[in-house]
Amino acid sequence: MFEWLFPGWSNPLGLTAFVGLRILLNVALTVLAARAVGRRAATTVAMTAGTALSAAMVVLLLRPGVLGYTASFVELGVQLAIVVLGGYVAYVDRSAKRRVVTTTALVAALALLLFTIPLYGEAFVAP
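Note that the coordinates shown come from a computational prediction; the quantities given were computed from them, not determined experimentally.

Calculation notes
- Residues numbered from 1 in each chain as written.
- Predicted model: local features only at pLDDT ≥ 70, side-chain atom pairs only at ≥ 80, totals over all residues.
- Heavy atoms only, no water.
- Helix = DSSP H or I, 4+ residues; strand = E, 2+ residues; numbered from the N terminus.
- Buried < 20%, exposed > 50% of the residue type's maximum accessible area, 1.4 Å probe, protein only.
- Contact = heavy atoms within 4.5 Å.
- Areas by Shrake-Rupley, 256 points an atom, 1.4 Å probe, with all protein chains shown as cover.
- Lys, Arg positive; Asp, Glu negative; His and termini not counted.
- Charge placed at Lys NZ, Arg CZ, Asp CG, Glu CD.
- Core = buried A, V, L, I, M, F, W, Y, C linked by side-chain atoms within 4.5 Å.
- Polar contact = N/O pair within 3.5 Å; in protein donor to acceptor, adjacent residues only side chain to side chain.
- Patch = residues over 30% accessible without salt bridge, like charges linked within 9 Å, V, L, I, M, F, W, Y side chains within 5 Å.
- Salt bridge = Lys/Arg side-chain N within 4 Å of Asp/Glu carboxyl O.
- Phe/Tyr/Trp six-rings, centres within 6.5 Å; stacked < 30°, edge-to-face > 60°.

(A) Quick look at the overall build of the protein chain. Tallying secondary structure elements over the protein chain gives four helices and zero strands in all. Taken from the N to the C terminus, the helices and strands of the protein chain come in the order α-α-α-α. In terms of overall dimensions, the protein chain has C-alpha extents of about 45 × 25 × 20 Å along its principal axes. The proportion of buried residues among the 127 residues of the protein chain is 39%. Intrachain contacts of the protein chain at a sequence separation of at least 6 include 66% that bridge at least 24 residues. For the protein chain, the exposed area adds up to about 7100 Å²; of that, 71% sits on carbon and sulfur atoms. Mean positive and mean negative side-chain charge positions of the protein chain (9 and 4 charges, respectively) differ by 20 Å.

(B) Layout of the environment of Leu 29. Assignment of secondary structure puts Leu 29 in helix α1 (residues 12-37). C-alpha of Leu 29 to C-alpha of Phe 2: the two residues are 27 residues apart in sequence and 26 Å apart in space. Setting aside its immediate chain neighbours within four residues, Leu 29 contacts Met 47, Ile 82, Thr 102, Ala 105, Leu 106 and Ala 109.

(C) Broad picture of the nonpolar core. Among the nonpolar cores identified, the biggest contains 28 residues, and Phe 6, Leu 29 and Leu 62 are the most heavily contacted of them. Put simply, the parts of the chain that give this core at least two residues each are α1, α2 (42-62), α3 (69-92) and α4 (96-124). Look past the residues within four positions of Leu 62 in its chain and what remains in contact with it is Phe 6, Trp 9, Leu 15, Val 19, Tyr 120 and Ala 123.

(D) Highlighting the side chain of Thr 16. By the secondary structure assignment, Thr 16 is in helix α1. A distance of 2.7 Å separates a polar atom in the side chain of Thr 16 from the backbone oxygen of Pro 12. Among residues more than four places away in sequence, those in contact with Thr 16 are Phe 2, Leu 5 and Phe 6.

(E) Seen up close, a nonpolar patch on the surface. On the surface, Leu 80, Val 84, Leu 110, Leu 114 and Ile 117 cluster together to form a nonpolar patch covering roughly 450 Å² of accessible area. Among the secondary structure elements, those contributing two or more residues to the nonpolar patch are α3 and α4. The residue Leu 110 is located in helix α4 in this model.

(F) Structural detail: the packing of aromatic side chains. Inspection of the entire model under this criterion finds three aromatic pairs. Ring centres of Tyr 69 and Phe 73 lie 5.0 Å apart, and the angle between their planes is 85 degrees; this geometry places the pair in the edge-to-face category. Taken as a pair, Tyr 69 and Phe 73 lie in helix α3 at a separation of four residues, close to a single helical turn. For Tyr 69, a relative accessible area of 44% puts it in the partly exposed group.

Structure (structure tokens):
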């Protein structure tokens, strides 16, 4: 069903679900940042730009022959920056409920970031 998006992968549906969840968590962290520090704050703007860049890069990285090995390090750095900025947002947020939600989203985003490393290894080192 999703072979057109991720050709050459043995489970394109699972990969699509993984990428979609990762993008969704980044968007959630960005929305939480906008509510905590404001829409026009530098943190929110940086997270918005990072989320858009990370979403585009992760899809292009997992498609064969579009972006290369070096770009995977850039994308991991952008994703790590989103997680760090999300941690800052959780720290400065005054709402206890939002702080818990932000921390939960951060843990999930960090876990998906760790699972991304073997995916990139499969995409660039294994073939």
